[in-house]
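Structural overview
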Amino acid sequence: MTDAIRHRGPDDAGIAPLATANGVTAGAFGHRRLAILDLSRDGHQPMFSPGNRTCLTYNGEIYNFAELRRDLESEGMRFKSVCDTEVVLLGWQRQGIAFLERLRGMFAMSLFDVEQDRGYLIRDRFGIKPLYYAERDGEVLFSSEIRSLLSSGRIPRELCHEAVQSYLATGSVAEPLTIIEGVRAVPPGCVLEVARDGDRYRVVGQSRFATAYPPASAADNDPRTLVPRLRATLRDSVQHHLVADVPVAVFLSGGIDSSAVAGLASEVSAKPIESFTVVFDELEFSEAALARDAAKRFGTEHHEIHLSGSDLLNALPDVFSAMDQPSLDGLNTFIVSRAVRSFGLKVVMSGLGGDELFGGYPSFNRARYLAPFWKLPETLRDVGAAGLNPFTDARLSRIRDMLKSETAPHAAYEASRTLFSGSQIDRLMTSKSGSSVAMPEAAEMSLRGLTEMQQVSFYELTGYMRNTLLRDSDVFSMAHALELRVPLIDQKVTEIAREAAAIEQPRPSSNKAILVDAVRDLLSPETIRGPKRGFTLPFEAWMRSELSTEVNSVLDSGRAERLGLRSSEVKLVWDAFRGRKGGVNWSRPWALYTLLRWAEQNDIAYVPESAGADNRSPLSLAG
């Protein structure tokens, strides 16, 4: 299992057998290390606490570990390393779950308490770092990637029927589901407790220690100080994210978010910052000029990574080898991460999170426009939805599903994130689904009392960002042993963003107004006034040229039947794109191509729900 994720940690490896205080075998922890802090052997994992009471295997970074260490030292604890791993281990042993609430960073970890014969699976509040688990035949298996679980030989290579529906709905599988039957994601901000039941282990409980959208402090609700407080908090977060014993670079597209991160990093870093951007021949997608201008103003050592459709075609075998679950997105991260690692760098920062926190997506304005319709009786919306024929046009089908949403903010989110509507998924799949965009976990927090903008922000943070952007960022950067850090996705930044969303409304003429006001001196007028483009690839053009033959070879091959999809319907989507019909853009055929290509490469098949059901091992905790 550790060999399967060697790419995540090429610097060191370790396996530690686990046993109870009575010497009864409990299993083992394995680890692959990417050395960022304390490059010495003192950071080796799995790591045991003094007296071998607790064992830890951990992936991530705790940015406030120095402050936490000082607090623990004042309580009499002694350290033998200068890495954050030991701080996490001793802090947990001292304070338990209360210590997790103090962690500022990204992490996925497992601990085993020798005396109590208990295990714990723990994930950070935002889900920046992935953690997957499965219960089978009395064992609890876990890892940072699904491929590692599959390599154990204990998990059947079966597609999860519900996950396929989820993937078709949004272009990624919504947690806690994964694409593999019987494998689940540990919910962010949660601790899963594992205990022995006779000679077997199973997950016996779940505790939440944090949410992705924490309430703002009541002491900090003065709107007049919002902008300067945001500026100070952003600077503080970037400074914490620069903590490393190796150089830290920046992805720089020239947009608001990446310019804010790069500009602040250049202000607080004692060393020159290197920046990277992807450039295209298709000028309408290329942000080369904006990125060059930003790099010049910030004084970064700037690198441009040229990418064409042919380059991407040649890279596809490596992309699908790196892809842990099928995803519509993420190829741009794979390409730029590979380039950054080729310069010998191990850590890079991204501007991910700015749109979700500060209202940068169309969904925020849509919620405001849709709000009056949700003041009408529900029966009127039902009549409107029933009057739309979902089979005549993809856009009408999307509107029909949207009108069934419980609230205007969720309708706005659904309108932005739906790939295939429920009726379209029913046509694609050999069994009925009725799918739509899944609501984020209700248990995570109550949306009662939140403004429309706050609700949309919550959906974007816990939906699209968590299930697509963060997952792809981790998988495709770590495929090259590159750690990707996201300073905008920080607890303190999020608290202020939530406060801002309570008093601000999205302004069509001023993208992410509060964020812009906080970092205006770092932005060029062109960046402030320019249209939002995002860090995207020119797929529309490439799929009609360099990628066309490759995509056609998969979508027109009949392979879809092996995944429980109708080949005739898959071909109709591809033909509609090529014929420019029905509003079908590149995303739908590319999503289908990705699912089929990924499943074939990983030898994954769909087993009908009626087949082999008795042989499956359902999880005792759905998350």
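Use the structure listed above.
Residues numbered from 1 in each chain as written. Predicted model: local features only at pLDDT ≥ 70, side-chain atom pairs only at ≥ 80, totals over all residues. Heavy atoms only, no water.

1. Regarding the pattern of salt bridges
Under the definition given, this model contains 40 salt bridges. Linking Lys571 and Asp575 is a salt bridge whose minimum nitrogen-to-oxygen distance equals 2.9 Å. Of the two residues, Lys571 and Asp575 are both situated in helix H23 (residues 567-578); the distance of four residues between them amounts to about one turn of the helix. Connected through shared salt-bridge partners, Arg8, Lys129, Glu145, Arg147, Asp324 and Asp474 make up one network. (Salt bridge = Lys/Arg side-chain N within 4 Å of Asp/Glu carboxyl O. Helix = DSSP H or I, 4+ residues; strand = E, 2+ residues; numbered from the N terminus.)

2. Observations concerning the nonpolar core
Counting residues in each nonpolar core, the largest one holds 150 residues, and the members touching the most others are Leu168, Leu565 and Trp590. Sorting elements by how many residues they give to this core places helix H17 (residues 452-478) first, with 12 residues. In this view, Trp590 contacts Leu316, Leu328, Leu331, Phe539, Met543, Leu547 and Val551; residues no more than four positions away in its chain are not counted. Ile62, Phe79, Val87 and Leu103 belong to the second-largest nonpolar core, a separate cluster that totals 27 residues. (Core = buried A, V, L, I, M, F, W, Y, C linked by side-chain atoms within 4.5 Å. Buried < 20%, exposed > 50% of the residue type's maximum accessible area, 1.4 Å probe, protein only. Contact = heavy atoms within 4.5 Å.)

3. Considering the sheet that holds strand E14 (residues 274-279)
The strand order across the open sheet formed by five strands is E15-E14-E13-E16-E17, and the pairing between neighbours is parallel. Each having just a single partner strand, strand E15 (301-306) and strand E17 (483-485) make up the two edges of the open sheet. Sheet twist, expressed as the mean angle between neighbouring strand axes with direction ignored, is 30°. Bridge analysis of strand E13 (residues 248-251) against E14 gives two bridges, and the strand direction is parallel. (Pairing = 2+ DSSP bridges. Axes fitted to C-alpha atoms, helices over the stretch in contact; angles between N-to-C directions.)

4. Details of the packing of aromatic side chains
Counted by the stated rule, this structure contains 15 aromatic pairs. Put simply, the rings of Phe280, Phe320, Phe539, Trp542, Trp586, Trp590 and Tyr593 pair up and form one aromatic cluster. One cation-aromatic arrangement involves Arg297 over Phe298; the distance from NZ or CZ to the ring centre is 5.2 Å. One cation-aromatic arrangement involves Arg544 over Phe577; the distance from NZ or CZ to the ring centre is 3.9 Å. (Phe/Tyr/Trp six-rings, centres within 6.5 Å; stacked < 30°, edge-to-face > 60°. Lys NZ or Arg CZ within 6 Å of the ring centre and 35° of its normal.)

5. Overview of the layout of surface pockets
For the second largest pocket, the calculated volume is near 1100 Å³. Looking at the second largest pocket, it is lined by 50 residues, and the ones nearest its centre are Ala28, Phe29, Gly30, Thr57 and Phe142. Top element by residues in the lining of the second largest pocket is strand E2 (residues 25-33). It accounts for eight residues. Classifying every residue of the lining of the second largest pocket by side-chain character gives 24 nonpolar, 17 polar and nine charged. (1 Å grid on protein atoms, 1.4 Å probe; cavity = no way out; pocket = protein on both sides within 12 Å on 5 of 7 lines; lining within 4 Å. Points joined across faces, edges and corners; volume = space filled by probe spheres on them. Nonpolar A, V, L, I, M, F, W, Y, C, P; charged D, E, K, R; others polar.)

6. Details of the sheet that holds strand E10 (residues 184-185)
Spatial strand order, E8-E7-E10: three strands in an open sheet with antiparallel pairing. Edge strands, defined here as strands with exactly one partner in the open sheet, are strand E8 (139-143) and E10. Bridge analysis of strand E7 (residues 132-136) against E8 gives five bridges, and the strand direction is antiparallel. Paired with Ala134 across the strands is Leu141, a residue of E8.

Bear in mind that shape data such as this cannot, by itself, settle questions of function.
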